Structures are given as structure tokens and as C-alpha cells.
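Analysis of the macromolecular model
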Amino acid sequence: MSSIADASPVISVRDLGVRYKRSGSLFRPARYYQVFEGISFELYRGETLGIVGHNGAGKSTLLRALAGIIQPDSGTVINHGVTVSLLALQAGFDGELPGTDNAVLSAMLLGYTRRQARERLPGIAEFAELGEFMHEPVKTYSSGMRARLGFSVAMHLTPDVLLLDEVLAVGDKHFRKKAEREMLKKMHSDQTIVFVSHSEQQVQRLCDRVFDFDRL
Amino acid sequence: MAPRQIQPFEPLPAQDDRLAPQDAFQWARDAMAARQWETAARRWATLRAVYPDQPPVWIQAAVAYKQLGRHDAAAGFLAEARRRFPSHPGGWVQGANVALARGDHGEAARLLAEARCRFPDDPPVWLRSAGLALADGDPDAALVYNRHVREAFPDDPGGPIQYAELAMEAGDWEEALARWALVRERFPDLPAGYRRAADAQDRLGRPREARRLRLAEEYGADWLAETDQDPPSPVAPPQRRNGRNFLDLVLTKARLNLKSEANRNHLRYLWWVLDPLLYMAVFYVVFGMLLHRGGEGFVAYLLTGLVPFQWFAKTVQHASNTIVEGRGLMNQVRVSPLFFPLVAVAQNAGKQSLVFLMLAVFLIFYGLPPTPHWLALAPVVALQLLLMVVVGCALAMLIPFVRDLLNLVPTGLQFLLFCSGVFYTLDTIPERWRDLFLANPMANLLHQYRRILLEHQWPDWGQLGWLALASLFGLALVLLAYRRLEGVFPRVVVE
């Protein structure tokens, strides 16, 4: 496994800033809330970068900017030709539809083709441990079951850079352990990961480097 | 005899109902485990008074004293232990430890040599001998003793652990890693196999590997082995979805939306037929039966206009707010915002197919059977679809920025209903306004539908061509705008 020092950056963040409009209309001037500004760092191939900071520091916003979901107000995110995905749990779930349909749809939204999604379906069903419930509408699921299905769908995704936003708190204790085990396996393959967490201890335990919003 | 909890200041139980020695010793062992050596030494002293015939009260007391640096006292207890319990190797092994701690290597060597003769089947004796050899600066002799442990006592973890520690001691980290791997293989539950290997990785400047080993202590050797393997056939999403996958996504979502919609009702899919049927029935009753308006064939005229117009109105109404409604998903996954209005268009098109089918049935019963001209419905329907894509996407794009516009959509559609000639015929419009009237794309399309369905004529290809051209131009503008706004929508919709 290559060490970080000789790896090349896959994403470069330069002077990034995002602000949100707080209020304002035709008759009132807009007021803005600056989430963060002047953020610069490099993300290297194969590393696990932890991001910590207090609530509202902009951790999730930063991930969305890295994923290309939102455009920053200032600065740039330079992608050196890699695929980036935010691991979104239960993306696009529809309570009226059975688990199978939701799994396929969610997988497609995350970037699979329909064929890939269909092929993965048995694996997803098995990992989620839902059994016959896979064919029941998701609205009949407990929140833990939904979380399990959501995680199982997202788990198979392997973009060049995977962005994780507090995803390890899913399901009951048994499943959480299983989810963590899988996720850590990913972290220790050559997968590049950006990992957001409230728990500084967890970040220390899992990450090669830490980016701390509170020390900006 | 019921075990009793012994409190530190409680008088000890009388001789005849003593605790089993192992239960009583736990009291002192707890202090040892907490590394409270002073307390431990005192507790062993107390226990010694009650159980003088048990080796631990002598040997463990010596261990506690050794930790306190009181080597003489420790040596005294161990000498006594050797005298009292000649068949117990602890007196010798610990004796060697204490001698080593005092720097008296000669005494340590003497004790261990004696122990090796007396207790050749006790692994600690050999391990300690290896430790002494190492302390004497003779790693080769240490290896010899260690090999004896590993070969003679394969089930004792001490041998492999010491084997790895010897490599650590020598600073041969790679060799140590290999030896720790053997420890993990034989004894996967021992923390040392992971922790000390992680230390070796740290020394080699590989913090990532070190972390992996520390995590493996928690997740087990299987996990470690699995991380060594290549991940099973990774599925990498493309940088951007290509057109085909995007279309597939839109159609899949639309299909599932329809399924979901149907699941919500008891009559399920039947509603897609019932709803337009009721709607058409209302117009039939009011205009065809009650008002007797428009004369012969007016109901057919009305429905051939109303059905396509309702399709347009429902689609546009539905699509207009989709981007705002899709804010959750939009902030979760990277998907072109076009996805949202297009799903609405596709979803309504799916339902509309049934309505068109019913209209066809009605026309046949009404005495307007199919003619070859019906083939021309295909381009007309396609053009209407294109028009709805343009209008729906344009509205969905504008509404996140000017939410108030949403309030105008129903009114606007109502206005369009009256401007498109659903209720009146083209000849009721003065000649000089007709071009302007037909410039309204919906009015024009309805006119074409009626030429085909009612008049059994081919549509006006010229007008259709112009309309298609204008729609394609609109489509290009909309696509361009969406491309530019892609990263903006997810923020605007939550603001």
C-alpha cells in the first residue's frame, strides 16, 4: 500500500467559501450567513481524511461542495479527474414501494446502472438481513430496518473518492457493528475517503489526517 | 459453603469456615490488578496468616514487594516458597526475576538452571531463561530457549509472543511483524498479536497499517484477512451519468412513482381510467346533454381538445414545483436537476396513454372510426411531449428563484384553457386573429388533433414544423440554463 507522502492529490480545495442566504425578498436586502471561507487543503489518493468541527461549522456543506452537488461562492474545488460520491443513505426512498424497488432506485440515484443495481439486489437483501420484508412496502419497516436497507444499498458503491457524513450510526447494535466493520474495510483498502464525524475520538481512531474546522 | 464478600476491615472468617483459597486470594489479586502494590502486599500478608500452606501467599507477596522495589523482602519470601513448595516452579521463576531486578545475574542463572532440572515441563521456566539470556546479551541462547518452548509447548502462547518480542528487541521490525502474524494465526484472541504488531508498524513509519492492526484487535482476525483481499468487483459510478443511464433513471423513477401512486388507493390502477372518465362524463353531461351547445358532434370536438389539454395542464402543474420538492434528494446525490421535471413529464405521459386509449374507444363508438390519418398522431403527440418538457422544465427552473410564480401556474393554465379553443371552434375567431390564435402552441396542437381525429385530414405539416423548431430552440435554452444552474439549485431550494 502506498504511503501518503508519495501519492498525488486527487482533489485540491483552494480558498473555498460558502454562504447561505438567510433572509431577503424583493423589498428587503438579503442577509447572508457565511458558513466558512478561505478553506484550502489537498486530498491525496488512498488516504482517509477526517473532518471534525462543531455543529453548523459547515462539515456537511464542505462534503457537498466536494461532491460537486453545490457550487461554492468563492474559491474552487479542483477535481483531478476522479469520481466523487457522497454516500447518501435512503436516497429517494418511497414508503409505498417494496424494499426491492427502493433498493434499485436508490442504487440508480447513487450512480449504478439499472443492470448493476439489479445484479446487486441479492447481495443488498442479504446484507440488510431483511428476508421476506424485502417485498413489503418500506412504510411498514421500522426505522432500523430502513436504515439497514439504506446502508446496504450505499455500501457497495465504490467511487474513487467516497464522502461519508456520519453514516456509521445505523440500525441496532449488531448491525452497527457490521456496518462499521464493512466501512472500515473500505477505509483500509485503497479507497480515498473523506469522513465527517462529531466524535473526535472516532476520527483519531480511523483517519490518516484530520481537518478541524474549529482550528481554522 | 456460600461465598462471602470480604470487606477490607471486616474481621477474617474463623478457621473452620474459611473461604476456598482461590476465592480469598481474589481480594489480593484485585489490588495487584489495580497495581496497588502496597495494598496488595498487605492483603497477601493477611492471607498468609490464614493460608500459610498455599504457594501464592508467598510468591505473589514477593511479586508485590518486587514492584515496590523491596527486593530483599521479596527474595526472602521466595526462598521460603522454594523451601515450602519444592514442586512449585514459581519460587524459582520469580526468584530469578527478583535476582535480575537486583542485578544479580549469577543468582538468577543459578535459580533458572535448577528450575530447568526440576521443572522441565513448565514453560515459564524456559521463557524466563530466554529472558535472562537476552538480559545477559546473548540473544542466540535466548533463541535456543525460546525455540524449546515453541516446540515443546505448542499450545502455550508465551513462546510465539516471546519469539516476536525478541525480534522487536533486536529492532528487526519486519521480522517482528512476520512473527506477530504467526501469533495472530495461532492465537487470534490475544491482543498482543495486534497491538505489538501495530507498534512495529509505527516504528516502520506506517501509521495507516498500524491503525489497521489496532482496529483488527476490535474486529478480529477475519476482518484483517478480508481487508488484505481485493474488494469484490468494485462498482464505480461514471463521472457523470451518460444520456442513456439518465433516461433510464428518469423512466424507472416515473414507473415506480406510478406504482407508488397506485398503491396508495384501494382501487389502485383503476383510478387512472376512472378519473379521466369522470372528467369526460362531466363535460358530456353539461355540454352534450344539458346545454345542447355547439350542435352535432360538439362532444367529440370538446373531448378531442380537452383530453390533450388536460394532459398538458396536469403535466405542467405537476412539473412546476418538482425542483423545490426534490430538495432533499438534490442535496443527497449528484443528479441533474432536469431529473425532477422530466420524471413528472414521464409519469403523466404514462397515465395519459390510458386516457388516449379511452378517447379512441369513445370516438369509435361516436361514429368516428380510425383512419390512416391517425398515424399522424404520433408526431403530434411527440411534439406535445416536447412542448411539455420545455414548459415544464422552464417553470420548474424559475420557481425556485421566484417562488411566488407557483401561485400563478393554475391561473395561467386556466387562461391557456380558454385561449386554446377547447370550447369553441376556429371559425368563431375573426379571420385576422386566427394567425395570432394559432401562434399559441397549445391552440395549434389542438387544432392538429382535431384535423386528424374529427376531419380525417393530415395535420398542417408546415405549422407543425415551425412549432417543432420553436420547441427545439426552447429546449436548447432550457438545457443550457440547467447546465449552468446545476450547482445552484441545491442551495437555492433550501434558502
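Parameters and conventions
Residues numbered from 1 in each chain as written. Chains lettered and ligands numbered in written order. Predicted model: local features only at pLDDT ≥ 70, side-chain atom pairs only at ≥ 80, totals over all residues. Heavy atoms only, no water. Helix = DSSP H or I, 4+ residues; strand = E, 2+ residues; numbered from the N terminus. Rg over C-alpha atoms; globule rule 2.2 N^0.38 Å. Buried < 20%, exposed > 50% of the residue type's maximum accessible area, 1.4 Å probe, protein only. Contact = heavy atoms within 4.5 Å. Areas by Shrake-Rupley, 256 points an atom, 1.4 Å probe, with all protein chains shown as cover. Lys, Arg positive; Asp, Glu negative; His and termini not counted. Charge placed at Lys NZ, Arg CZ, Asp CG, Glu CD. Buried area = accessible area lost by both parts, 1.4 Å probe. Salt bridge = Lys/Arg side-chain N within 4 Å of Asp/Glu carboxyl O. Polar contact = N/O pair within 3.5 Å; in protein donor to acceptor, adjacent residues only side chain to side chain. Nonpolar A, V, L, I, M, F, W, Y, C, P; charged D, E, K, R; others polar. Axes fitted to C-alpha atoms, helices over the stretch in contact; angles between N-to-C directions. Parallel < 35°, antiparallel > 145°, perpendicular 65-115°, else oblique. Phe/Tyr/Trp six-rings, centres within 6.5 Å; stacked < 30°, edge-to-face > 60°. Lys NZ or Arg CZ within 6 Å of the ring centre and 35° of its normal. Pairing = 2+ DSSP bridges. pLDDT = per-residue confidence, 0-100. Core = buried A, V, L, I, M, F, W, Y, C linked by side-chain atoms within 4.5 Å.

1. Side note on the overall build of chain B
From N to C terminus, chain B includes 24 helices and 0 strands. Expected size for 495 residues packed as a compact globule is a radius of gyration near 23 Å; at 45 Å, chain B overshoots this value by more than 25%. Across its three principal axes, chain B shows a C-alpha extent of roughly 130 × 55 × 40 Å. The proportion of buried residues among the 495 residues of chain B is 46%. For chain B, contacts bridging at least 24 residues in sequence account for 62% of all contacts bridging at least 6. Of the roughly 24,900 Å² of accessible surface on chain B, 59% is carried by carbon and sulfur atoms. Side-chain charges of chain B comprise 51 positive and 49 negative groups, with the mean position of each set lying 6 Å from the other.

2. Structural notes on the interface of chain A and chain B
With 60 residues of chain A at the contact, the number on the chain B side is 45 residues. Overall, the association of chain A and chain B removes approximately 4,600 Å² of surface from exposure, summing both partners, and the carbon and sulfur fraction of that is 52%. Between the two partners, chain A and chain B, sit 5 salt bridges. Across the salt bridge formed by A:Asp208 and B:Arg211, the nearest N and O atoms sit 2.9 Å from each other. For the pair chain A and chain B, the number of links is 14 residue pairs in polar contact (both at pLDDT 80 or more). Among the secondary structure elements, those contributing two or more residues to the side of chain A that touches chain B are strand E1 (9–23), helix H1 (59–67), strand E5 (84–86), helix H2 (99–110), helix H3 (114–128), helix H5 (173–187) and helix H6 (200–206) of chain A. Across the side of chain A that touches chain B, the residue classes tally to 25 nonpolar, 19 polar and 16 charged.

3. A word on the packing of H3(A) against H5(A)
All names here are of chain A. Orientation of H3 relative to H5, taken along the N-to-C sense of each, is 135 degrees, at an axis distance of 11 Å. By the angle between their directions, the pair H3 and H5 is classed as oblique. Here Glu126, Phe127 and Ala128 of H3 lie close against H5, whose contacting residues are Phe175, Lys178 and Glu182. Per-class residue counts for the contact of H3 with H5 are 3 nonpolar, no polar and 3 charged.

4. Some points on the packing of aromatic side chains
Counted under the stated rule, the structure contains 24 aromatic pairs over all chains. Taken together, the aromatic side chains of A:Phe36, A:Phe41, A:Phe211 and A:Phe213 make up a single cluster linked through ring pairs. Just above the ring of A:Phe127 sits the side chain of A:Lys178; from NZ or CZ to the centre is 4.5 Å. Against the face of B:Tyr163 rests B:Arg150, its NZ or CZ located 3.5 Å from the ring centre.

5. A few points about the pairing of strand E7 (residues 192–196) of chain A
Residues and elements named next belong to chain A. Among the 5 residues that make up E7, 5 are buried, leaving the element largely enclosed by the rest of the structure. Every second residue of E7 is oriented toward a common face, with Thr192, Val194 and Val196 on one face and Ile193 and Phe195 on the other, all of them buried. As judged from the 4 bridges shared by strand E3 (residues 48–52) and E7, these two strands associate in the parallel manner. In the strand pairing of E7, Ile51 is matched with Val196. Bridging between strand E6 (residues 161–165) and E7 involves 5 bridges; their strand directions are parallel. Following the sheet pairing, Val161 is matched in E7 by Thr192.

6. Observations regarding the side chain of B:Arg43
Looking at where B:Arg43 falls in the secondary structure, it is placed in helix H2 (residues 37–50). Buried within the structure, B:Arg43 lacks any salt-bridge partner; B:Asp30 is the closest side chain of opposite charge, at an N-O distance of 5.6 Å.

7. Digging into the confidence of the model for chain A
Residue and element names in this part refer to chain A. Of the residues in chain A, 92% reach a pLDDT of 70 or more, and the chain-wide mean stands at 83. Looking at the elements of chain A, mean pLDDT is at its lowest for H6, recorded as 80, and at its highest for H2, recorded as 90. Ignoring residues within four places in sequence, the model shows residues 1–5, a span with pLDDT below 50, making 7 contacts including any to other chains.

8. A short note on the nonpolar core
One finds A:Leu149, B:Phe339 and B:Tyr482 to be the most contacted residues of the largest nonpolar core, which totals 136 residues. No other element matches helix H15 (residues 298–320) of chain B, which puts 13 residues into this core. Every residue in contact with A:Leu149, bar those within four places of it in the chain, is listed here: A:Phe93, A:Gly99, A:Ala103, A:Ile124, A:Ala128, A:Leu130, A:Met134, A:Val138 and A:Tyr141. Judged by nonpolar contacts, the second largest core, of 30 residues, contains A:Leu16, A:Ile70, A:Val161 and A:Val194.

9. With respect to the confidence of the model for chain B
Close inspection of predicted coordinates is inappropriate in any region flagged by low pLDDT. Residue and element names in this part refer to chain B. Overall, the predicted model of chain B reaches an average pLDDT of 85, with 93% of residues at or above 70. The lowest-confidence element of chain B is helix H12 (residues 207–228), averaging 77 in pLDDT; the highest-confidence one is helix H19 (residues 377–398), averaging 95. Complex prediction metrics read pTM 0.75 and ipTM 0.85.

10. Structural notes on the pattern of salt bridges
Evaluation of the coordinates by the stated rule reveals 31 salt bridges over all chains. A:Glu47 is paired through a salt bridge with A:Arg209; the nearest N and O atoms lie 2.8 Å apart. You can see A:Glu47 sitting in the loop between strand E2 (31–44) and E3 and its partner A:Arg209 sitting in strand E8 (residues 209–212), a full 162 residues away along the chain. Classification of A:Arg209 as partly exposed rests on a relative accessible area of 30%. Ionic pairing is found between B:Glu174 and B:Arg206, a salt bridge with its closest N-O pair at 3.4 Å. With B:Glu174 in helix H10 (residues 173–186) and B:Arg206 in the loop between helix H11 (191–203) and H12, the pair connects residues that are 32 residues apart, well separated along the chain. Members of the salt-bridge network, linked through shared partners, are B:Glu165, B:Arg196, B:Asp199, B:Asp202 and B:Arg214.

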